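Given next are the chains, with one letter for each unit.
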Amino acid sequence: MIALSRKVVDEIKLHARESFPAECCGAVLESEDGELVRRITNIQDRLHAEDPLNFPRTAANGYHMDERELFELLRDVDKRGWLLKAFYHSHPNHGPYFSAEDTRRALLWGEPAYPGTAFIVISVLEGDAKEIRAYGWDAQKRKFVEEPLIVGD
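Worth saying up front: this structure is predicted, and the values here are computed from it rather than measured.

K.L.:
Describe in detail unusual backbone geometry, supporting the description with residues and values.
P.N.:
Note the cis peptide between Phe20 and Pro21, where omega equals 15 degrees. At Asn93, a residue that is not glycine, the phi angle is positive and equals roughly 60 degrees. By the secondary structure assignment, Asn93 is in the loop between strand 4 (83–92) and helix 4 (100–106). Asn93 gets classed as partly exposed once you look at its relative accessible area, which sits at 35%. In the Ramachandran plot, Glu126 falls in the positive-phi region, its phi being about 50 degrees despite a non-glycine side chain.

Rendered as structure tokens:
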């Protein structure tokens with residue numbers, strides 16, 4: 001089970017709508033003051049323009065977090081003692097499934113790159129943020145599975 005506040009879910013939905021028709025990406029952190037959303041720039045279009053052979057996807061159907069921003073986020077998590085609760089990204093004009101590409105990017109040598117961190121996927125259909133789902137690592141099944149997403153106050 002993954003629990004997020006209504007405020008965090010609304011912020012993720014806003015980010016997804018503002019980014020449409022591109023995928024958005026970011027993280028949900030938990031600090032002593034509660035949950036917060038940290039947007040991360042999707043640099044997929046830039047990578048595709050620079051090297052379409054190695055980066056065949058555009059931001060319309062893929063995301064690549066800006067490494068500098070991701071490093072800063074991880075540094076803040078470590079330095080401030082925050083919890084990296086979840087990463088999120090959107091699927092423009094597609095359902096909120098956890099794709100093979102999502103799985104590949106979430107693993108490092110067959111294990112979760114960020115143990116204990118959930119993954120949130122939000123569907124954005126024609127610019128409207130629709131369904132949102134959560135996924136977590138199932139160690140017995142050795143794969144990411146959908147988990148109940150509880151949205152609180």
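K.L.:
Before we move on, could you go through the environment of Glu146 and cite the residues and values that matter?
P.N.:
Counting through the fold element by element, Glu146 comes out in strand 9 (residues 143–147). Glu146 gets classed as partly exposed once you look at its relative accessible area, which sits at 47%. Considering only alpha carbons, one finds Glu146 and Gly136, 10 residues apart in sequence, at a separation of 6.5 Å. Beyond its immediate stretch of four places on either side in the chain, Glu146 contacts Arg133, Ala134 and Tyr135.

K.L.:
Could you give an account of the pairing of strand 2 (residues 25–31), with specific residues and numbers?
P.N.:
Side chains on a regular strand alternate between the two faces of the sheet. Strand 2 sits mainly inside the fold: six of its seven residues count as buried. In the sheet, strand 2 pairs with strand 3 (residues 34–40) via seven bridges, with the strands oriented antiparallel. Each bridged residue has a counterpart across the sheet, and for Cys25 the counterpart in strand 3 is Ile40. In textbook terms, the turn of a hairpin is the stretch between consecutive antiparallel strands, and for strand 2 and strand 3 this stretch comprises two residues. In the sheet, strand 2 pairs with strand 4 via six bridges, with the strands oriented antiparallel. If you follow Val28 over to strand 4, its bridge partner there is Ala86.

K.L.:
Give me the lowdown on the pairing of strand 7 (residues 118–125), citing residues and values where you can.
P.N.:
For strand 7, a buried count of seven out of eight residues is recorded, marking the element as mostly surrounded by other parts of the structure. Strand direction decides the pairing type here: strand 4 and strand 7, joined by seven bridges, are parallel. By the bridge assignment for strand 7, Phe87 is matched with Phe119. Pairing geometry for strand 7 and strand 8 (residues 128–138), over six bridges, is antiparallel. By the bridge assignment for strand 8, Phe119 is matched with Tyr135. In this structure, the hairpin formed by strand 7 and strand 8 is closed by a connection of two residues, where Glu126 is found at a positive phi of approximately 50 degrees.

What counts and what doesn't
Residues numbered from 1 in each chain as written. Predicted model: local features only at pLDDT ≥ 70, side-chain atom pairs only at ≥ 80, totals over all residues. Heavy atoms only, no water. Helix = DSSP H or I, 4+ residues; strand = E, 2+ residues; numbered from the N terminus. Buried < 20%, exposed > 50% of the residue type's maximum accessible area, 1.4 Å probe, protein only. Contact = heavy atoms within 4.5 Å. Pairing = 2+ DSSP bridges.

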